[in-house]
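Analysis of the macromolecular model
Residues per chain are reported as follows:
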Amino acid sequence: METWDAIRSRRNVREFADRPIPEEHLDQILEAGRRAPSSQNWQPWDFVVVTDREQLGELSGVWRGARYVAGSAATIALTAPTPADEQERDRLHYDLGQATMSIMLAAADLGVGSGHAAVADQPLARRILDLPADRFCAYLIALGYPADRPLRPIERPDRRPFEDVVHRGRW
């Protein structure tokens, strides 16, 4: 798939077919996250990949909006050091956002759907993922082949009109 097609095809998928993702595709998706841009090349992330069905079921309990994680073929937990202050927190979340989008676009390019989730229950995430004391789990990205329909470019996305969003030179 071309980059523009991957961008137009990516959508949040929350129902997955019962089909594994080939290891080489999963590694390619992870490599996209590893190569994401980062402030001053900080690269604060570590990725914990979960494919075990029981562990995915447990992980789906870290936030009420993450129930679909249980049905994913794989879920990537984006982990990072606990930020020292507000500035580091903001920088960290910006970098994690870039890694998230890189992962999701690489997945879409391979026909793999994705859905992102927050993590509210840090103690549960820490226990399930066996995180070191100085790390936290910022986000989850559930991956799998869509159960309903394959990814394809969306011609009319549910987005604000281009003219309402884009301002040239000034507001």
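This report concerns the structure included in the present document. The model shown is predicted, which means the values in this text are computed figures rather than measured ones. (Residues numbered from 1 in each chain as written. Predicted model: local features only at pLDDT ≥ 70, side-chain atom pairs only at ≥ 80, totals over all residues. Heavy atoms only, no water.)

1. Re the overall build of the protein chain
The secondary structure content of the protein chain amounts to 6 helices and 4 strands. In the protein chain, the succession of α and β elements from N to C terminus is α-α-β-α-β-α-β-α-β-α. Since a compact globule built from 171 residues should have a radius of gyration of about 16 Å, the 17 Å found for the protein chain is in line with a globular shape. Looking at the protein chain as a whole, 39% of its 171 residues qualify as buried. (Helix = DSSP H or I, 4+ residues; strand = E, 2+ residues; numbered from the N terminus. Rg over C-alpha atoms; globule rule 2.2 N^0.38 Å. Buried < 20%, exposed > 50% of the residue type's maximum accessible area, 1.4 Å probe, protein only.)

2. So, the pattern of salt bridges
When charged atoms on two side chains of opposite charge get close, those side chains can pair. Inspection of every chain in the model, using the stated rule, returns 9 salt bridges. Put simply, Arg 8 and Asp 5 hold a salt bridge, and the shortest N to O gap is 2.9 Å. You can see Arg 8 and its partner Asp 5 sitting in helix α1 (residues 3-9), 3 residues apart, about one turn around the helix. In this structure Arg 8 comes out as partly exposed when scored by relative accessible area, which is 24%. The exposure class of Asp 5 is partly exposed, given its relative accessible area of 26%. Taking the shortest distance from any N to any O, the salt bridge between Arg 149 and Asp 148 comes out at 3.0 Å. One connected set of salt bridges, linked through shared partners, spans Asp 5, Arg 8 and Glu 155. (Salt bridge = Lys/Arg side-chain N within 4 Å of Asp/Glu carboxyl O.)

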